[in-house]
Protein chains: 2
Amino acid sequence: MIDTTKTIPEPCHVLITGGAGFLGVRLARALLAQGKLSLAGAESVDVGRITLVDRAAPPADLLNDARVSTVTGDLNALLSSGGAGLDAHTDVVFHLAAAVSGECEADFDLGMRSNFAATLSLLQACRALKTQPIVVFASSLAVFGDAPGVPLPPVIEDTTLPTPQSSYGIQKFIGEQLMADFSRKAFIQGRSVRLMTVSVRPGKPNGAASSFLSGMLREPLAGVRATCPVPADTPVALSSPARTIAGLIGAAQASAQAWGPRTALILPALTTTPAQMAAALAQVAGPAVAALIDWAPDAAIHNIVKTWPARINARRAAGLGLLPDSSFEEIIREYIRENTDAIK
Amino acid sequence: MIDTTKTIPEPCHVLITGGAGFLGVRLARALLAQGKLSLAGAESVDVGRITLVDRAAPPADLLNDARVSTVTGDLNALLSSGGAGLDAHTDVVFHLAAAVSGECEADFDLGMRSNFAATLSLLQACRALKTQPIVVFASSLAVFGDAPGVPLPPVIEDTTLPTPQSSYGIQKFIGEQLMADFSRKAFIQGRSVRLMTVSVRPGKPNGAASSFLSGMLREPLAGVRATCPVPADTPVALSSPARTIAGLIGAAQASAQAWGPRTALILPALTTTPAQMAAALAQVAGPAVAALIDWAPDAAIHNIVKTWPARINARRAAGLGLLPDSSFEEIIREYIRENTDAIK
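Along each chain, residues carry numbers from 1 onward, in the same order as the chain's sequence is written. All chains are assigned letters beginning at A, and all ligands numbers beginning at 1, according to the order in which they are written. Only residues with pLDDT of 70 or above have their local features reported here, since the model is predicted, and side-chain atom pairs are shown and tallied only from 80 upward, although totals for entire chains, interfaces and linings are computed over all residues.

**Some points on the interface of chain A and chain B**
And step 1. The contact rule is simple: place each C-beta atom from the backbone, and if two of them lie within 7 Å, those residues are in contact. Every contact between the two is made by 19 residues of chain A and, on the other side, 19 residues of chain B.
And step 2. Helix and strand labels come from DSSP, where a helix needs a run of H or I of at least four residues and a strand needs a run of E of at least two; each type is numbered from the N terminus. No other element matches the 7 residues that helix α6 (residues 167–184) of chain A contributes to the side of chain A that touches chain B.
And step 3. Residue polarity follows a fixed list, in which Ala, Val, Leu, Ile, Met, Phe, Trp, Tyr, Cys and Pro are nonpolar, Asp, Glu, Lys and Arg are charged, and the others, Gly among them, are polar. Its residues assigned to classes, the side of chain A that touches chain B comprises 10 nonpolar, 7 polar and 2 charged.

**What to know about the domain arrangement of chain A**
Residue and element names in this part refer to chain A.
And step 1. Residue ranges assigned to the domains are those given by an automatic or database domain assignment. The domains assigned to chain A are domain 1 (12–196 + 239–266) and domain 2 (212–237 + 270–310 + 325–342).
And step 2. Placing the centre of domain 1 and that of domain 2 at their C-alpha centroids yields a distance of 28 Å.
And step 3. Counting residues at the interface gives 12 residues for domain 1, matched by 7 residues for domain 2.
And step 4. Taken together, the residues of the side of domain 1 that touches domain 2 sort by class into 6 nonpolar, 4 polar and 2 charged.

**Some remarks on the relation of the copies chain A and chain B**
And step 1. To line up the copies, we fit them by least squares on C-alpha atoms, keeping just the residues with pLDDT of at least 70 in both. The operation relating chain A to chain B is a screw motion whose rotation component is 180°, with 0.0 Å of axial translation and a residual RMSD of 0.0 Å. This pairing of chains is accounted for by a two-fold axis. Among all residues of chain A, the one whose C-alpha sits closest to the rotation axis is L161 of chain A, at a distance of 2.3 Å.
And step 2. Counting the interface residues of chain A, we find that 100% of their copies in chain B are interface residues as well, pointing to one common contact surface.

**Considering the sheet that holds strand β9 (residues 197–198) of chain A**
Residues and elements named next belong to chain A.
And step 1. Here 3 strands make up an open sheet; going across it, the order is β9-β11-β13 and the pairing mixed. The sheet is open, and its two edges are formed by β9 and β13 (270–272), each paired on a single side.
And step 2. By this definition, two strands are paired if DSSP reports at least two bridges between them. Pairing geometry for strand β11 (residues 236–239) and β13, over 3 bridges, is antiparallel. Bridge pairing in β13 places V236 opposite T272.

**With respect to the environment of A246 of chain A**
And step 1. Residue position: A246 of chain A is located in helix α8 (residues 241–253).
And step 2. Along the primary structure A246 of chain A and L323 of chain A are separated by 77 residues, whereas in three dimensions their C-alpha atoms are 9.5 Å apart.

**A closer look at the confidence of the model for chain A**
And step 1. Here pLDDT means the predictor's own confidence in every residue, given as a number from 0 to 100. For chain A, per-residue confidence averages 94 on the pLDDT scale, and 98% of positions sit at 70 or higher.
And step 2. The complex model carries a pTM of 0.94, and its ipTM stands at 0.93.

**Digging into the pairing of strand β8 (residues 189–195) of chain B**
Residues and elements named next belong to chain B.
And step 1. In this scheme every C-beta is placed from the backbone, and a residue whose C-beta has 20 or more other C-beta atoms within 10 Å is buried, one with 12 or fewer is exposed, and one in between is partly exposed. Across the 7 residues of β8, 7 count as buried, placing the element largely inside the fold.
And step 2. Of the two faces of β8, the one holding Q189, R191, V193 and L195 and the one holding G190, S192 and R194 are both buried throughout.
And step 3. Bridge count between strand β6 (residues 134–140) and β8: 7 bridges; the pairing is parallel. Pairing of V135 across the sheet is with G190, part of β8.

**A word on the packing of helix α1 (residues 22–34) of chain A against α8 of chain A**
Residues and elements named next belong to chain A.
And step 1. The convention used is that axes are lines fitted to C-alpha atoms, helices contributing only their stretch in contact, and that angles between N-to-C directions extend from 0 to 180 degrees. Here α1 crosses α8 at 70°, and the two axes come no closer than 10 Å. Taken together, the axis directions place α1 and α8 in an arrangement best described as roughly perpendicular. The handedness of the crossing between α1 and α8 comes out as right-handed. When α1 is examined against α8, the residues L23, R26, L27 and A30 are found in contact with a partner set consisting of P241, T244, I245, L248 and I249.
And step 2. Looking at the contact of α1 with α8, its residues break down into 7 nonpolar, 1 polar and 1 charged. Angles are sorted into four bins: roughly parallel if under 35 degrees, roughly antiparallel if over 145, roughly perpendicular if 65 to 115, and oblique for all others. Throughout, a crossing is termed right-handed when the near helix is turned clockwise from the far one, and left-handed when it is turned anticlockwise from it by less than a right angle.

**Quick word on the environment of G319 of chain B**
Residue and element names in this part refer to chain B.
And step 1. Position of G319 among the secondary structure elements: in helix α13 (residues 315–319).
And step 2. The class for G319 is partly exposed, based on 14 C-beta atoms found within 10 Å.
And step 3. Through-space distance from the C-alpha of G319 to that of T340 is 34 Å; in sequence the pair is 21 residues apart.

**Some points on the environment of V100 of chain B**
Residues and elements named next belong to chain B.
And step 1. Assignment of secondary structure puts V100 in the loop between β5 (90–95) and α4 (101–106).
And step 2. Of the residues examined, V100 has 17 C-beta atoms within 10 Å and is grouped as partly exposed.
And step 3. Once the C-alpha coordinates of V100 and A299 are considered, the two residues, 199 residues apart in sequence, prove to be 22 Å apart.

**Re the sheet that holds strand β11 (residues 236–239) of chain B**
All names here are of chain B.
And step 1. As summarised here, the arrangement of the 3 strands in space is β9-β11-β13, forming an open sheet in which the pairing is mixed. A strand with exactly one partner marks an edge of an open sheet, and here the two such strands are β9 (197–198) and β13 (270–272).
And step 2. Pairing geometry for β9 and β11, over 2 bridges, is parallel. Within the sheet, the bridge partner assigned to T197 lies in β11 and is L238.

Now the structure itself:
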């Protein structure tokens, strides 16, 4: 006898902007691997479809997965033509697409277009669906900046006043405000998360001031010398790629009640120093590898890095069970496991 | 013998958006009356020209002043056609034009157009001048809202985290962020000030939840009964029209150093209660006038009013010499002096 009172939950549709980027690709792989999602605390459903929106194509493993489709183009252009892949069956949008901080500082209009206008257009498109999709917005710890007259407190909390000192930080903070009001008006179910500097990023240096925080591990592991441009005892707040992805998925899964206020939630960070990172590298890969780090402080880079918050009390994240990496050794081991090609 | 090393400072051009509104008209009159302005701490110059931009025409006294010109129309339309009256000789812009909170809550798109898009367009137009004009932005205490999970502290400071609970508040807070970054990039010299509820406003009730804070004085002074819809001991933060205008002018006159950080500055407020306001009315105008107040608490209005911050530590404003009204009696006397037509 068939129980007709029981409806089979429909598989969900996940859309990821910036879906071919470093985090977008990892997020898609993680969602495909777990196969199920419990959206906003509701019953778990199959991940039926993932749409990756990006200017570039994602890697072959994603292109070849039957559950993955791609939309290629500029996000603003796609949104203004209604072709970004959003539809009434889209249950959750991860908005990761952004111009990075250096680009936004060099080209103000680029940042306003890529980070600000695109975010507003995306939220308006979600609102137009009238289905109140979950939107997870990747904000950034860059909303915090040490400003003359408004110094940062020694420990950053979820309730600390952001005083962004870069166009990128301002644009992310404005995005958080739009997310909050679109949520309050019940146009979307918004989840703004502030991401940390991610380490260890695979690939090549990207010219960001934070690039060395991956490079000083990644290059020595590949047998190449690398430079640490800040004093060895400079405190820094980091998150592994895996914990960052867990934070994004956790935000989509949290019930409205567990999530709490509409303000942004800070993802957890491990506070460490380059000296501790080098010691971890020596322990995991041997002292000869750690010896490939050149210690050559560069005042220009140090002046930027020292304005970044390094100590975080990610109270709300902890309440959702999202915890920082347990040690930098563990972060290095994860990198080695996942990037065997890049290890000498 | 002529001292050729001494240049005669040129008269300044002031542009006021919302220039035909309650505050815009008062601001224009105050600037014309004082005749001079010391912009951003520089040498005092004559107020040569005031351009009032508004959908409506200003009163005759302003229209008839040779120093005043008007631009009539919708601010967004004027800005997109380049016809808002801004030019390379514009030294200071007071941006007062806005849709009010009730309108923005009822019509989300109206608020996004009038408060958000217009502010961004105005700032882009100022940036395009390449002359770094001073821009004084009228933000609002409405950026603060008592939110579940993020309760307001008992006393609001310049550094308190805003968690707006209305679209109006969000739009004003986003305006503050744009002002900060346009200033940091040296596109403008930005001065964001958070205005208080203004009392006593002349004219008619305007349907805002705060309307009674003027009406309970204004109507009895005209011999008409009025209602106070909140308990007599409800704390409220108010500013007279004169102190509000002094705050706007003070913001334009403050040097960059005196002004301090690029975050918004809270204008000073007098914390009082309806009971104290009624007692002041009795003292200034007699007990028979104060007896025209009906005390009829309305839970709906009280529920709104009690989420407003009532105790403000306007530290930065005090540093600029901007102080709250000394007493509510003084506020009533000012109203009577300036509105003899409206007194019975």
